[in-house]
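# A look at the structure
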Amino acid sequence: MVFQAKNGRIRMDNTEMDFVVFGESSKNLVLIPGIGDGLKTVRGMALLFSILYRQYAKSYRVYVFSRKRKLEKGYTTRTMARDLARGMKVMGVQRADVIGISQGGMVAQFLAIDYPGLVNKLVLVSTTAKAGPRIKRRVAKWIKLVKEGDYQELMLDIGEKMYSEDYRRRSGCLFSIGGKLLSGGDRERFCTMARACVTHDALAELDKIKAETLVIGAGRDRVAGSRGTKQLAEGLPGSRFILYPDGEHGFYDEVKDFHRTVLKYLNP
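This is a predicted model, so every value here is computed, not measured.

Rules behind the numbers
Residues numbered from 1 in each chain as written. Predicted model: local features only at pLDDT ≥ 70, side-chain atom pairs only at ≥ 80, totals over all residues. Heavy atoms only, no water. Helix = DSSP H or I, 4+ residues; strand = E, 2+ residues; numbered from the N terminus. Rg over C-alpha atoms; globule rule 2.2 N^0.38 Å. Buried < 20%, exposed > 50% of the residue type's maximum accessible area, 1.4 Å probe, protein only. Areas by Shrake-Rupley, 256 points an atom, 1.4 Å probe, with all protein chains shown as cover. Lys, Arg positive; Asp, Glu negative; His and termini not counted. Charge placed at Lys NZ, Arg CZ, Asp CG, Glu CD. Expected span 1.5 Å × (residues − 1). Pairing = 2+ DSSP bridges. Phe/Tyr/Trp six-rings, centres within 6.5 Å; stacked < 30°, edge-to-face > 60°. Axes fitted to C-alpha atoms, helices over the stretch in contact; angles between N-to-C directions. Parallel < 35°, antiparallel > 145°, perpendicular 65-115°, else oblique. Left-handed = near helix turned anticlockwise from the far one by under 90°. Contact = heavy atoms within 4.5 Å. Polar contact = N/O pair within 3.5 Å; in protein donor to acceptor, adjacent residues only side chain to side chain. Arc of directions from axis to C-beta.

### Thoughts on the overall build of the protein
The number of helices and strands found in the protein is 11 helices and eight strands. A globule of 268 residues ought to have a C-alpha radius of gyration of about 18 Å, and the protein, at 17 Å, matches this closely. In terms of its C-alpha atoms, the protein occupies a principal-axis envelope of roughly 45 × 40 × 35 Å. When each of the 268 residues of the protein is scored for burial, the buried share is 56%. As presented, the protein carries roughly 12,400 Å² of accessible surface, and 51% of it is formed by carbon and sulfur atoms. Between the averaged position of the 46 positive side-chain charges in the protein and that of its 29 negative side-chain charges there is a distance of 2 Å.

### Let's talk about helix H4 (residues 103-114)
Given a rise of 1.5 Å per residue, 12 residues ought to cover 16 Å, and the 17 Å separating the end C-alpha atoms of H4 matches this to within 8%. Of all the 12 residues making up H4, 11 are buried; the element is thus mostly covered by neighbouring parts of the structure.

### Digging into the pairing of strand E1 (residues 6-12)
Judged from the seven bridges that link them, E1 and strand E2 (residues 15-22) form a sheet pairing that is antiparallel. Its bridge partner lying in E2, Asn-7 is registered against Val-20. With antiparallel pairing between neighbouring strands as the criterion, E1 and E2 make up a hairpin whose turn holds two residues, including Asp-13 at a positive phi of roughly 55°.

### With respect to the packing of aromatic side chains
Any aromatic ring pair is given by two values, namely how distant the centres are and how the planes are angled relative to each other. This model, assessed by the stated rule, comprises nine aromatic pairs. An angle of 10° between the planes, with centres 6.0 Å apart, marks the rings of Tyr-63 and Phe-65 as stacked. The pair Tyr-63 / Phe-65 is uniform in exposure class, with both members buried. With centroids separated by 4.6 Å and ring planes inclined at 25°, the aromatic side chains of Tyr-163 and Tyr-167 adopt a geometry described as stacked. Aromatic ring contacts, followed pair by pair, group Tyr-244, Phe-251, Tyr-252 and Phe-258 into a single cluster.

### Here we look at the packing of helix H3 (residues 77-90) against H4
The description of two helices packed together rests on the angle between their axes and the distance between the axes. Contact geometry for H3 and H4: axes closest at 8 Å, N-to-C directions at 70°. Overall, the two elements H3 and H4 adopt an arrangement that is roughly perpendicular. Note that H3 runs across H4; the crossing there is right-handed. On H4, the residues touching Thr-77, Arg-78, Met-80, Ala-81, Leu-84, Ala-85 and Met-88 of H3 are Gln-103, Met-106, Val-107, Phe-110, Leu-111, Ile-113 and Asp-114.

### Observations concerning the pairing of strand E5 (residues 96-101)
Here E5 lies mainly inside the structure; six of its six residues are buried. Of the two faces of E5, both are covered, the one formed by Ala-96, Val-98 and Gly-100 as well as the one formed by Asp-97, Ile-99 and Ile-101. When strand E3 (residues 28-32) meets E5, the two strands line up parallel, connected through four bridges. By the bridge assignment for E5, Leu-29 is matched with Asp-97. Note: E5 against strand E6 (residues 119-125), five bridges, orientation parallel. Across the sheet, Ile-101 pairs through a bridge with Val-125, a residue of E6.

### A few points about the side chain of Thr-79
Turning to its location among the elements, Thr-79 is positioned in helix H3. Among the polar contacts made by the side chain of Thr-79, one reaches the side chain of Thr-76 at a distance of 2.8 Å.

### Some words on the sheet that holds E3
Strands sit in the order E1-E2-E4-E3-E5-E6-E7-E8 across an open sheet of eight strands; the sheet is mixed. Every interior strand has two partners, whereas the edge strands, E1 and strand E8 (240-244), have only one. Strand-to-strand twist of the sheet, defined as the mean angle between neighbouring strand axes without regard to direction, takes the value 20°. Direction of pairing for strand E7 (residues 212-218) relative to E8: parallel, over a ladder of five bridges. Pairing of Ala-218 across the sheet is with Tyr-244, part of E8. Helix-sheet contacts for helix H10 (residues 226-234) involve E6, E7 and E8, and the interaxial angle to E7 is about 165°.

### Quick look at helix H5 (residues 133-147)
Since there are 3.6 residues in each turn of an α-helix, residues three or four apart along the chain are aligned in direction. The end-to-end C-alpha distance of H5, which contains 15 residues, comes to 21 Å, matching closely the 21 Å that a straight helix rising 1.5 Å per residue would cover. Every buried residue belonging to H5 is among Ile-135, Arg-138, Val-139, Trp-142, Ile-143, Leu-145 and Val-146, and all of these are buried. Seen from one end, H5 has its buried residues packed into an arc of 165°, which puts them on one side. Every exposed residue of H5 that faces more than 90 degrees away from the buried side is listed here: Pro-133, Arg-137 and Lys-147. The secondary structure elements touched by the buried residues of H5 are H4, helix H6 (151-162) and helix H9 (187-198). Downstream of H5 by one or two residues, Gly-149 has phi in the positive range, about 75°.

Have a look at this one:
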C-alpha cells in the first residue's frame, strides 16, 4: 500500500467514525475535511488520500477523520471538535499538527480552544471564525438542494462557487458525475453539518488559541468570504496570514505551491 495507507473506523456513540491513516513518520498530522464529508465520509479512501497528500506522508503519520456517520440533532462545530478529540485519543494521537479546511477549519478552531494539549501547530484554510451573511446564503441553498434530492445541481453549484472557471473547464464533467455518485448520500447528515456551519461562532474565544497558527485565505472566496478569513487572522495575534488574491474558496486544489507553503510553515 502507498505509504502504508489504511482505512479504519472507530465505534462511538452507537455509530462509527471513519478515518484513514498513512505515512511512515512518528510525528502526527491531523487533516480535517470540509462540509463535503457530510455527503461522503473518508471510508475506503485511504489510497486516494495518500496520493493526494503524498507530500505530507514523508514527514508525518497522517490521520484524516470524518465526522461520525450518525449525527445527533443540534450537532455543532464544537461538538465535532469534541468527537475528533475522542477519535484522536482512541488512535493514540496525543499531539499533532492540525490542518482544517473550510468547515474543517471551524472544527480545528474549537479543537485548539477546548483541547489545547492536542494541537501543536495549526493551519486554517478558507475558513472563518464566525459565519457571516455570505456563507449563510450559500449553505442555505445547498441544504435546499439536498432536501430536494438534486445532487447534480448541488455539485454544479458547489463547483461554480468554489473553483475558478479555468479549473472547472479542466475538470470536465467531474462535478456532474459527482452529483450522480452522491445521489444515495445521507441527506440529514449533510444538512446537520451544514447547519453547524451557519451557527459557527468562535470569534470571542480566539484568544484561547495558543497554538502557533497559519491562516490562509482567498481574495475571491465566494463561500466563506475573504473578509471573514482576514477577521479570523486579526483575532489571532501573532498568527501568520497568507492571502491568495485571485484565489477562489477551493484554491488549495488549484494552487501548485499550496502544500509546499504549508509544509514549509509546519517544518521550517
